[in-house]
Amino acid sequence: MLSKKNKEALFNPLSKDNPVLVQILGICSSLAVTASLEPAIVMGISVIAVLAFSNVIISFLRKTVPTNIRIIVQLVVVAALVIIVQQILTAYQYDVSKKLSVFIGLIITNCILMGRLEAFAMHNSPWPSFLDGIGNGLGYTIILVIVAFFRELLGSGTLLGFHVIPQWCYDHGYMDNGLMILPPMALITLGCIIWFHRARNKDLQEQ
Amino acid sequence: MNKNSNIYQILYAAVMVLLVGTVLAFIYMALKPKQNENIANDTRKQILSALHIAAAGDAQVKETYEKYVIQDLLVDKDGNVVDSASNVAFDVQMKKNVKLPVAERQLPVMKCRLDDGSIKYVLPVYGAGLWGPIWGYIAVNDDGNTIYGANFSHEGETPGLGARIAEQPFQDEFVDKHLFVEGAFKSVAVLKKGQKATNGAEQIDALTGATITSRGVSDMMADCLAPYEAFLKKLQGTAPAVEPSLEPAAIEQVTDDNQPE
């Protein structure tokens, strides 16, 4: 079930081969949806679902797909899954779907997806492809959650909508930093995480 | 079979698209009722918010709405009630409605009774912001003049700038403003600090960095509320004495109104 290769497919993207931190993919959405935790988590789960299932479907189809139109086939599969996710969210998580607005639709353009389909699912059987999708989706989600954690905490003083910074801090002159809510601080937060990550992983550093 | 032959590629693409299309159509049909309910509940929430009422939870929105909104009315431009079937005002499609000439528009009114027994009238407004439509609900006291509360929503205004029309501080500025000045309908103007409304309307501060959205709110209020003039006047207990004069006559000195309250 979990051979060494499969384990690598599942766990490498979490840190050593993280799609956001190392491959710098999917930056746009990680800046846009991380102003608070809830949309970040929902976005993460959506990407995991779309990525895992599109990987599996493409992996099943990989021997039949004509080379010339393989990108189109991949796009159709991804687009269909994204629309399904969007429809389900509008039906069962309306408020979150309103917050995420266009970004769910833009999962289609998330480079992580096309990257994994081209690089992995087209050459591997369904089970490793599924694990690879879950792994990369998780790697993306972890970063989203970390960025959103700091932005919501410092920007609004809340986590998942609950006030966590005690009132006496405000009474003593503490103020929420409105800049954290804006996209530039997401980029800076992400930069700090990449910095920290590289400092800890010597083998990622260029000579 | 040759995977790169044209026939194979075309057939492959056609079959795939057909399959995907069918699946999506089924999912759309299956989830549509649930989605429509969500959208309706969202609208109810906005209307309740104009009345300063927060529903306890998503499940209670409909219940709360039906508790407070006691009657749906459609009025005409002379202020007469033309229809009062249930949900008749709620179901009006404002998007289509505002495109019609004023005389042909349906004028929905939601009559509400609050916990303290006071009667409020909620009037929907719909207009254009910078990037897309903006809309809102204005709750008016039973004096037909004073704004009790306002709620604005937008489809895609700039976060941090135009999107702030959907935030409480901006909406609260409308509270206690008057739609009529000295008996004439003036709406409420949204203007930059230091500007004065040419028609003498009461005004509130525009949002910094969101000139077009602020103007959109101002225009939307004027455009959508003006047809209610006769209706509001009836509420005031004064029959429309003279036709509303359109020229900006009698610009009275507006007192220091652009201080935020």
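These notes cover the structure that comes with them. (Residues numbered from 1 in each chain as written. Chains lettered and ligands numbered in written order. Predicted model: local features only at pLDDT ≥ 70, side-chain atom pairs only at ≥ 80, totals over all residues. Heavy atoms only, no water.)

For the rest of this paragraph, the subject is the environment of Asn141(B). Residues and elements named next belong to chain B. As for its position among the elements, Asn141 is in strand E5 (residues 133-141). Spatially, the C-alpha atoms of Asn141 and Val125 are 16 Å apart, while their sequence positions differ by 16 residues. What Asn141 contacts, discounting residues up to four positions off in sequence, is Ile119, Lys120, Tyr121, Thr146 and Tyr148. (Helix = DSSP H or I, 4+ residues; strand = E, 2+ residues; numbered from the N terminus. Contact = heavy atoms within 4.5 Å.)

Before going further, it helps to examine unusual backbone geometry. Leaving glycine aside, a negative phi is the common case for residues, and trans is the common case for peptide bonds. All names here are of chain B. Its identity as a non-glycine residue notwithstanding, Asn87 has a phi of 65°, on the positive side. When you line up the elements, Asn87 lands in the loop between strand E2 (81-83) and helix H3 (94-97). Of the residues examined, Asn87 reaches a relative accessible area of 33% and is grouped as partly exposed. Residues other than glycine seldom take positive phi values, yet Ser187 does so here, at roughly 60°. Mapping Ser187 onto the fold places it in the loop between strand E8 (184-185) and strand E9 (188-191). (Buried < 20%, exposed > 50% of the residue type's maximum accessible area, 1.4 Å probe, protein only.)

What follows concerns the packing of aromatic side chains. One pass over the structure, following the stated rule, counts 12 aromatic pairs over all chains. Pairing Tyr121(B) with Phe231(B) gives two aromatic rings, centres 5.7 Å apart and planes at 80°, and the pair type is edge-to-face. Within this pair, whereas Tyr121(B) is found in strand E4 (residues 119-128), its partner Phe231(B) is found in helix H6 (residues 229-236), the two being separated by 110 residues in sequence. A relative accessible area of 9% places Tyr121(B) in the buried class. Chaining the aromatic ring pairs together yields one cluster made of Phe53(A), Trp127(A) and Phe130(A). Here the basic side chain of Arg44(B) rests over the ring of Tyr65(B), its NZ or CZ set 5.7 Å away from the ring centre. Of note, Lys120(B) hangs over the ring of Tyr148(B), and the distance from its end group to the ring centre comes to 4.1 Å. (Phe/Tyr/Trp six-rings, centres within 6.5 Å; stacked < 30°, edge-to-face > 60°. Lys NZ or Arg CZ within 6 Å of the ring centre and 35° of its normal.)

What follows deals with the interface of chain A and chain B. Contact with chain A, which involves 22 residues of that partner, is made by 20 residues of chain B. Taken together, the two surfaces of chain A and chain B that pack against each other cover about 1900 Å², and 63% of this comes from carbon and sulfur. Our enumeration of links across chain A and chain B arrives at 2 salt bridges. A salt bridge links Lys98(A) to Asp42(B); the shortest N-O distance between them is 2.9 Å. For the interface between chain A and chain B, the tally reads 7 residue pairs in polar contact (both at pLDDT 80 or more). Elements with a minimum of two residues in the side of chain A that touches chain B: helix H4 (70-92) and helix H5 (94-100) of chain A. Among the elements that make up the side of chain A that touches chain B, the one with the highest residue count is H4(A) (10 residues). (Buried area = accessible area lost by both parts, 1.4 Å probe. Salt bridge = Lys/Arg side-chain N within 4 Å of Asp/Glu carboxyl O. Polar contact = N/O pair within 3.5 Å; in protein donor to acceptor, adjacent residues only side chain to side chain.)

Attention shifts here to a nonpolar patch on the surface. Residues and elements named next belong to chain A. On the surface, Ile142, Ile146, Phe149, Phe150 and Leu154 cluster together to form a nonpolar patch covering roughly 370 Å² of accessible area. Position of Phe150 among the secondary structure elements: in helix H8 (residues 126-156). Exposure remark for Phe150: the relative accessible area of 36% places this residue in the partly exposed category. (Patch = residues over 30% accessible without salt bridge, like charges linked within 9 Å, V, L, I, M, F, W, Y side chains within 5 Å. Areas by Shrake-Rupley, 256 points an atom, 1.4 Å probe, with all protein chains shown as cover.)

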